[in-house]
Amino acid sequence: MKHLLTSLATALCGLLSCTAQTADFKSLSVEEFEQTISDAAVVRLDVRTPEEYAEGHLVSAINIDVQSDDFDAKASATLPKDKTIAVYCRSGRRSKMAAEKLVKMGFDVAELSTGFVGWQKAAKDVTKEEVDLFVAPDGTCVYAYCIKHGTLRLRFGDKWIYVDPVTDKIPPVTDYTLLPKADVILVTHEHADHLDAKAIEQLTKEGTIVVTNPRSNEILGLADAVVLKNGDSRQFDTLTVDAVPAYNSSADKLQFHPQGRDNGYILTMADLRFYIAGDTEDIPELANVKNIDVCFLPCNLPFTMTPEQLAHAAKMVQPKVLFPYHYGQTSVEAMLHALEGAGIDVRIRQYQ
């Protein structure tokens, strides 16, 4: 009997070892997973449904549903091959399925064995902030974090860039003391839902660069601000900022954003180009905005664009990815309908 038990134990160990080698990914406890993702280069991947993701997820985690038909295509197009991918789901079943798929695609993978349930039971940090990942040709990761309305933040390598940070002028109230300090802050124009001295103060550290249009800095009064007018360009280490026109062209909207006052910005980071339009309509100058990877266009009556103008602007710019933002009460369905057939990856995030 002793010999039989020994043989069974040996066979079981061999089977488990064989399975681990075949799967070729690391299955980690909460503590081990937390240690792994403490490396900022590790990509955090939530493979649950978008609905589950929206209810709460790990900080900085992006979402690709492993049960969607296009999981392989999205993972291949989105994830960097030279970074570890840290995968989790609700309880651990789907993450193992995703890990197996990703390993076959050539990724280095670790998965959270107890899933999001185990993470929550251990009282670890979670968030509802939506995140998208874009990988530059040289492998640099750029993360886009949706804050609200016209406010977003970008992580470019180890640098943090904030656009139009606002605390309490637009709900929900945002406490920027809880977020990473800014390396660069961009302000498009003077309206209270874009310019907030309190938010800028909360985000500023030694060496923070504040970039504004002329009128906004007249209000802020910052002696060391970088003031750009339409057509100006400035290089900050590996980040290039180009200020482009943003204004109203419809006769009934001219009082909101007059021509020549406000900025949109094109950010170039490791050959990735982001266009953040600010408050504008589908003005002719958009035809000069070229080779854009990621675009943020406003759609909010009566101040900016209709869904039809949004579609026209998107077709002029032709970005690879479009985020409608600053959309207030505009119907998401109307925006998506207007953009049908544009050949653009349109992503809806909580930019009301």
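Residue positions within a chain follow its written sequence, with the count starting from 1. Per-residue local features of the predicted model are confined to residues with pLDDT of at least 70, and side-chain atom pairs are confined, for both listing and counting, to 80 or more; whole-chain, interface and lining totals are unaffected and use all residues. Side-chain descriptors were evaluated using all non-hydrogen atoms of the structure, hydrogens and water having been removed beforehand.

(A) How the structure looks around the sheet that holds strand β16 (residues 272-276). An order of β13-β14-β15-β16-β17-β18-β19 is seen for the 7 strands of this open sheet, with the pairing classed as mixed. This sheet does not close on itself; its edge strands, each paired only once, are β13 (233-236) and β19 (345-346). Two strands qualify as a pair provided that DSSP identifies no fewer than 2 bridges between them. Numbering of helices and strands runs from the N terminus, with a helix taken as a DSSP run of H or I at least four residues long and a strand as a DSSP run of E at least two residues long. Pairing between β16 and strand β17 (residues 294-298): 3 bridges, direction parallel. Each residue of the ladder has a partner; that of Y275, found in β17, is C295. On top of the sheet, helix α9 (residues 307-317) reaches β16, β17 and β18 (321-325); it is set at about 155° to β17, its chief contact. Pairs of residues are marked as contacts when any of their non-hydrogen atoms sit within 4.5 Å. Every axis corresponds to a line fitted to the C-alpha atoms, with the helix fit spanning only the stretch in contact, and the corresponding angles, defined between N-to-C directions, vary from 0 to 180 degrees.

(B) Region of the structure containing the sheet that holds strand β12 (residues 226-227). If you trace the 7 strands from one edge of the open sheet to the other, you get β6-β7-β8-β9-β10-β11-β12, paired in mixed fashion. Either end of the sheet is taken by a strand with one partner, and the two such strands are β6 (131-135) and β12. When β6 meets strand β7 (residues 141-148), the two strands line up antiparallel, connected through 5 bridges. Pairing of L133 across the sheet is with Y143, part of β7.

(C) Geometry of unusual backbone geometry. Cis rather than trans, the peptide bond between P171 and P172 has omega equal to -5°. As for its position among the elements, P172 is in the loop between β9 (159-163) and β10 (184-186). Residues other than glycine seldom take positive phi values, yet S60 does so here, at roughly 70°. The backbone of D271 sits at a positive phi, close to 70°, despite the residue not being glycine. Tracing the backbone through its elements, the reader meets D271 in the loop between β15 (262-269) and β16.

(D) Up close: the packing of aromatic side chains. Think of it this way: a Phe, Tyr or Trp ring, Trp meaning its six-membered ring, pairs with another when their centres are within 6.5 Å, and the plane angle makes it stacked under 30 degrees, edge-to-face over 60, tilted otherwise. As enumerated under the stated definition, the model contains 12 aromatic pairs in all. On the numbers, 5.8 Å between centres and 70° between planes, the contact of F296 with Y325 is edge-to-face. Within this pair, whereas F296 is found in strand β17, its partner Y325 is found in strand β18, the two being separated by 29 residues in sequence. Partly exposed residues are those whose accessible area sits between 20% and 50% of the maximum for their type, while under 20% is buried and over 50% is exposed, using a 1.4 Å probe and protein chains only. For F296, a relative accessible area of 0% corresponds to the buried category. The ring centre of F107 lies 5.0 Å from the NZ or CZ of K81, which sits over that ring. Look at NZ for Lys and CZ for Arg. If either is within 6 Å of the ring centre and within 35 degrees of the ring normal, a charge sits over the ring. The ring of Y145 carries R153 above its face, with NZ or CZ at 4.1 Å from the centroid.

(E) Representation of the side chain of R48. With respect to the element layout, R48 can be found in the loop between β2 (43-46) and α3 (50-55). We define a polar contact as two N or O atoms separated by no more than 3.5 Å, with the added condition that, inside protein, one atom must be a possible hydrogen donor and the other a possible acceptor, whereas residues neighbouring each other in sequence contribute only through side-chain atom pairs. Among the polar contacts made by the side chain of R48, one reaches the main-chain carbonyl oxygen of G56 at a distance of 2.7 Å. Once residues lying within four places of it in the same chain are set aside, the contact partners of R48 are Y53, G56, H57, N63, I64, D65, Y88, C89, R90, R94 and F116.

(F) How the structure looks around the side chain of D262. Along the chain, D262 falls in strand β15. Using a relative accessible area of 0% as the deciding quantity, one classes D262 as buried.

(G) Quick peek at the pattern of salt bridges. One side-chain nitrogen of Lys or Arg within 4 Å of one carboxyl oxygen of Asp or Glu is enough to make a salt bridge. A full pass over the atoms with the stated rule returns 20 salt bridges. The salt bridge partner of D46 is R48, with a shortest N-O separation of 2.7 Å. The buried category is assigned to R48, whose relative accessible area is 5%. Here E111 and K96 are joined by a salt bridge, their closest N and O atoms 3.0 Å apart. Of the two residues, E111 sits in strand β5 (residues 108-112) while K96 sits in helix α5 (residues 93-104), which places them 15 residues apart along the sequence. Overall, K96 belongs to the partly exposed group, its relative accessible area being 31%. The structure contains a network of salt bridges with shared partners spanning E190, R215, E218, R261 and D262.

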